[in-house]
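Below are the chains, spelled out letter by letter.
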Amino acid sequence: MHNAQSRILVVDDDPTVAEVVTGYLERAGYEVEHVGDGPAALRAAGARRPDLVVLDLMLPGMDGLEVCRTLRSAGPVPVIMLTARGDEEDRVLGLEIGADDYVTKPFSPRELVLRVDSVLRRSRAAARPGPPVHRAGIVLDPAARRAVKQGTELALTLREFDLLAYLMSHPGEAVTRERLMREVWGWEFGDLSTVTVHVRRLRGKVEDDPAKPRLIQTVWGVGYRFEAADADGAPQGAGLAAEEA
């Protein structure tokens, strides 16, 4: 059984889907609240911040993407999107605005519970941070959940921060997409395009020229590598002062 204090907000206007999802999550030990539209979701989250939101993409009045944006503007909260669309474009859009995972309808309720477990497990792991990491002009502080590049704080989503932290902790190492999915997302299976989308989004925030990435490089046929060389190509290894020089 999971800690009953872990509170899940389920946002879906389909009463049958909501009943099944709520039932499975409650049997897994979670405290669950269900609402049927976007404004009700924002009111519920404002009254009591959930530990995770299961959010349908297609909602009356205010769609799930707008709900996700508004929730995230108020502070970090893990979000799993539900969508009846099989379109990759919709899945990618949800991930790009900060959703941590997505499940396409029809789905297995057991799989959804596993995804909830995984996302919450990663969130809890983030609450036990390691020491700050200084590489390639970036200062990443896991305790504060802050990343600063050349004096400017980077506006990263929860998953983007975790992805950057993992890559920075393995400098110069070619890391496969499967490994990133397992270590950053906590999934043993899933769509690898999730990783690709997040890397693209992360490059847009950490690279001077995302079209010509120097920090997060693609290793063709393998995955990605965080290049731990400074702007002159010299190996990193000095302290913070050298990083920021």
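Residues numbered from 1 in each chain as written. Predicted model: local features only at pLDDT ≥ 70, side-chain atom pairs only at ≥ 80, totals over all residues. Heavy atoms only, no water.

**Describing helix H6 (residues 158–168)**
Burial analysis of H6 places 9 of its 11 residues in the buried class, which makes it a mostly covered element. Turning to H6, its buried residues are Arg159, Glu160, Phe161, Asp162, Leu163, Leu164, Tyr166, Leu167 and Met168. (Buried < 20%, exposed > 50% of the residue type's maximum accessible area, 1.4 Å probe, protein only. Helix = DSSP H or I, 4+ residues; strand = E, 2+ residues; numbered from the N terminus.)

**Observations concerning the sheet that holds strand S6 (residues 133–135)**
Read from one edge of the open sheet, 4 strands run S6-S7-S8-S9, paired in antiparallel fashion. Because the sheet does not close on itself, it has two edges, and the strands there are S6 and strand S9 (152–153). Two strands pair when backbone bridges link them, and strand S7 (residues 138–141) and strand S8 (residues 146–149) are joined in this way by 4 bridges, in the antiparallel orientation. What sits directly across from Asp141, in S8, is Arg146. On top of the sheet, H6 reaches S6, S7 and S8; it is set at about 115 degrees to S7, its chief contact. (Pairing = 2+ DSSP bridges. Contact = heavy atoms within 4.5 Å. Axes fitted to C-alpha atoms, helices over the stretch in contact; angles between N-to-C directions.)

**Remarks on the nonpolar core**
Residues Leu163, Leu164, Leu180, Val206, Ile216 and Phe226 are the most contacted members of the largest nonpolar core, which totals 27 residues. Counting only elements with at least two residues in this core, the list comes to S7, H6, helix H7 (177–185), helix H8 (193–206) and strand S12 (223–226). No other element matches H6, which puts 6 residues into this core. Sequence-distant contacts of Val206, that is, excluding residues within four places in its chain, are made with Ile138, Lys149, Leu154, Leu164, Leu215 and Ile216. Ranked by size, the runner-up nonpolar core spans 20 residues in total, among them Ala40, Ala41, Ala44 and Val79. (Core = buried A, V, L, I, M, F, W, Y, C linked by side-chain atoms within 4.5 Å.)

**Considerations on the packing of aromatic side chains**
If you walk through the whole model with that rule in mind, you get 0 aromatic pairs. One residue, Arg27, lies across the ring of Tyr24, its end atom 4.8 Å from the ring centre. (Phe/Tyr/Trp six-rings, centres within 6.5 Å; stacked < 30°, edge-to-face > 60°. Lys NZ or Arg CZ within 6 Å of the ring centre and 35° of its normal.)

**A word on the pairing of S7**
Two strands pair when backbone bridges link them, and S6 and S7 are joined in this way by 3 bridges, in the antiparallel orientation. Across the sheet, the residue bridging to Val133 is Leu140, located in S7. In this structure, the hairpin formed by S7 and S8 is closed by a connection of 4 residues, where Arg145 is found at a positive phi of approximately 55 degrees.

**Let's talk about unusual backbone geometry**
The omega torsion across Lys105 and Pro106 is -5 degrees, close enough to zero to call that bond cis. Among the secondary structure elements, Pro106 is positioned in the loop between strand S5 (101–104) and helix H5 (109–126). For Arg145, which is not glycine, the phi torsion reads 55 degrees and is therefore positive. Take Arg145: it is sitting in the loop between S7 and S8. You can call Arg145 partly exposed: its relative accessible area is 28%. Positive phi values are uncommon outside glycine, yet Gln150 reaches one of about 50 degrees. Counting through the fold element by element, Gln150 comes out in the loop between S8 and S9. Overall, Gln150 belongs to the exposed group, its relative accessible area being 63%.

**Some details on the pattern of salt bridges**
Using the criterion set out here, one finds 14 salt bridges in the structure. With its nearest N and O atoms 3.0 Å apart, the salt bridge here joins Lys105 to Asp12. Placement of Lys105 in the loop between S5 and H5 and of Asp12 in the loop between strand S1 (7–11) and helix H1 (15–27) is noted, with a sequence separation of 93 residues between them. Grouping residues by exposure puts Lys105 and Asp12 together as buried. As a salt-bridge pair, Lys105 and Asp56 come within 3.3 Å of each other at their nearest N and O atoms. Remark: Asp56 occurs in strand S3 (residues 52–56) and Lys105 occurs in the loop between S5 and H5; sequence separation between them is 49 residues. For Lys105, a relative accessible area of 19% translates into the label buried. Here Asp56 falls in the buried class, since its relative accessible area comes to 3%. (Salt bridge = Lys/Arg side-chain N within 4 Å of Asp/Glu carboxyl O.)

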